[in-house]
Amino acid sequence: MTSSAPKPKADLLISGAAEVLTCVAARGDPLGRIARGCVAIAGDRIIAVGSAAEISSAADISAARVIDAGGGVLAPGFVDCHTHMVFGGSRSAEYGAKMTRTAAEVAAMGIPAGIPATVAMTRSTEPGRLVTESIDRLNRMFRSGSTTIESKSGYGLNWEHELKQLETSRRLSQACPADIVSTFLGAHDFPPEISPDQYMDVLVREMIPRVAELKLAEFCDVYCDAGYYSAGQTRRILETGLAHGLKPKIHADAYSETGIASLAIELGAVSMDHLNFTTPSEMKRLAEAGVVGVGLPALDFAVNHPKPFDARAVIESGMTLALATNLNPANWTETMHFVMVLACRRHGLSSEEAMLAATLGAAKALCREHDIGSLQPGKLADIQIWAIPRFEEFVYRLDCNPIVGLIKRGREIALPR
Ligand SMILES: [Zn+2]
């Protein structure tokens with residue numbers, strides 16, 4: 001830019017940070033940290049990131065309102081790319097009983113368990129209450145730094161109640177500044193009242209076309225595993241979704257080796273999630289096809305998974321790794337901080353790798369890497385302000401929420417309680 005060219009006018013400037021995590025590798029630093037960096041914003045977008053001198057030469061900040069980061073850290077908002085946040089009830093009885101008993105013993109005690117238990121509770125929750133309870137969770141997620149959150153259906157398993165969940169997700173977008181990304185997961189389990197074959201016909205002939213027509217979801221997802229959806233059923237569902245403009249995602253290999261990676265590659269799935277039993281050679285082929293791997297450390301922790309997903313193998317295969325809370329009644333966590341702590345200690349990630357997986361990697365798992373996931377000019381100004389002096393403190397402090405400021409789409413948001 002020449003000195004005579006008009007500089008873009010910033011209306012917001014965040015300064016006074018000890019460091020800015022751009023989450024774009026630079027100078028050998030995977031997080032592209034800028035010591036004492038600033039961020040200039042115009043409207044809902046970032047227009048400059050850099051030192052004070054670089055900002056002054058790149059943007060006109062003369063009329064900008066200034067937010068003082070107070071010697072803390074600026075980071076991109078987290079992207080929670082896999083959640084089942086709209087659900088009714090609680091499974092605390094099941095969780096508590098399974099601390100000291102086997103699943104068979106818990107079943108013999110008559111304690112409702114698993115997805116069928118939540119389907120029953122979600123169906124019996126009236127729509128207004130479902131919205132209220134989901135907004136509570138959403139506010140806590142946003143308060144924990146998640147500025148974009150995916151929300152799956154899949155606890156209705158019939159049109160009436162899948163629609164109730166999807167409409168709740170839509171109402172959440174209006175209730176909280178976080179962006180909500182909707183996924184149709186009618187193929188989460190099979191409903192108790194009709195046969196699996198009958199339900200397959202309902203899914204592909206009625207539900208998927210209606211979801212697409214009403215623009216209730218952007219992605220179509222399937223739970224492919226032993227005892228859930230087979231490879232053939234997964235193909236039929238995802239191909240129907242694609243024919244109606246819904247991008248494919250797959251819950252895969254969580255409890256058995258399904259071999260579904262080949263289908264994920266063939267159909268151009270955006271992400272494959274869980275990956276506990278996915279083999280290194282499958283990961284390599286998934287990497288070449290650009291399928292994002294989504295790891296869910298909180299689930300592996302909550303169910304004491306016998307084979308936790310191998311995050312190192314995912315990274316070494318070349319796949320883009322994303323992390324997500326997988327918030328659902330079986331692993332009730334709303335915070336990406338907890339997920340990152342687990343990912344580092346139990347899945348062998350470095351704190352930098354966990355941070356990238358919780359931001360840019362997760363943005364890619366939602367096809368939004370051009371808009372969010374890093375602090376770069378042109379991207380949405382979704383920014384967290386942490387009251388810690390350096391990034392390393394974030395994962396090191398095992399139980400903390402250092403967030404003292406949130407900027408969403410260029411607007412400073414009062415933190416919800
Ligand atoms: Zn899930």
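Since the model is a prediction, treat every value here as computed from it, not as a measurement.

1. Re the environment of Gly-293
Logical step 1: When you line up the elements, Gly-293 lands in strand 14 (residues 292–295).
Logical step 2: Owing to a relative accessible area of 0%, Gly-293 belongs among the buried residues under this scheme.
Logical step 3: The spatial distance from the C-alpha of Gly-293 to the C-alpha of Ala-365 is 7.9 Å, given a sequence separation of 72 residues.
Logical step 4: Excluding residues that lie within four positions of it along the chain, Gly-293 makes contacts with Met-272, Leu-275, Met-319, Thr-320, Leu-321 and Ala-322.

2. Things to note about the sheet that holds strand 8 (residues 78–80)
Logical step 1: The parallel open sheet is built from 8 strands, whose spatial order is 8-9-10-11-12-13-14-15. For this open sheet the edge positions go to strand 8 and strand 15 (321–323), each flanked by a neighbour on one side alone. On average, each strand axis in the sheet is inclined to that of its neighbour by 25°, with strand direction left out of account.
Logical step 2: Taken together, the 6 bridges between strand 11 (residues 219–224) and strand 12 (residues 247–252) define a ladder with parallel strand orientation. Its bridge partner lying in strand 12, Cys-224 is registered against Ala-252.
Logical step 3: The strands touched by helix 7 (residues 196–213) within the sheet are strand 10 (179–187) and strand 11, with strand 10 carrying the most contacts at an inclination of about 155°.

3. Structural notes on a nonpolar patch on the surface
Logical step 1: A contiguous nonpolar patch, built from Tyr-95, Met-99 and Phe-301 and spanning about 310 Å² of accessible area, is present on the exposed surface.
Logical step 2: Here Phe-301 shows up in helix 11 (residues 297–302).
Logical step 3: The exposure class of Phe-301 is partly exposed, given its relative accessible area of 37%.

4. A look at helix 5 (residues 127–143)
Working note: α-helix, 3.6 residues per turn, so residues spaced by three or four point in the same direction.
Logical step 1: With 17 residues, helix 5 ought to run about 24 Å at 1.5 Å a step, and its terminal C-alpha atoms sit 24 Å apart, in line with that.
Logical step 2: Among the residues trailing helix 5, Gly-145 stands out with phi positive, at a value near 100°.

5. Digging into the packing of helix 13 (residues 336–347) against helix 14 (residues 351–358)
Logical step 1: Put simply, helix 13 and helix 14 touch, their axes get as near as 9 Å, and they point 140° apart. As the angle between them shows, helix 13 and helix 14 are arranged oblique. Once helix 13 is placed against helix 14, the crossing between them reads as right-handed. Note on element contacts: helix 14 touches helix 13 through Ser-351, Ala-354, Met-355 and Ala-358, opposite Met-336, Met-340 and Cys-344.
Logical step 2: Residues of the contact of helix 13 with helix 14, tallied by class, amount to 6 nonpolar, 1 polar and no charged.

Cut-off values and rules
- Residues numbered from 1 in each chain as written.
- Predicted model: local features only at pLDDT ≥ 70, side-chain atom pairs only at ≥ 80, totals over all residues.
- Heavy atoms only, no water.
- Helix = DSSP H or I, 4+ residues; strand = E, 2+ residues; numbered from the N terminus.
- Buried < 20%, exposed > 50% of the residue type's maximum accessible area, 1.4 Å probe, protein only.
- Contact = heavy atoms within 4.5 Å.
- Pairing = 2+ DSSP bridges.
- Axes fitted to C-alpha atoms, helices over the stretch in contact; angles between N-to-C directions.
- Patch = residues over 30% accessible without salt bridge, like charges linked within 9 Å, V, L, I, M, F, W, Y side chains within 5 Å.
- Areas by Shrake-Rupley, 256 points an atom, 1.4 Å probe, with all protein chains shown as cover.
- Salt bridge = Lys/Arg side-chain N within 4 Å of Asp/Glu carboxyl O.
- Expected span 1.5 Å × (residues − 1).
- Parallel < 35°, antiparallel > 145°, perpendicular 65-115°, else oblique.
- Left-handed = near helix turned anticlockwise from the far one by under 90°.
- Nonpolar A, V, L, I, M, F, W, Y, C, P; charged D, E, K, R; others polar.

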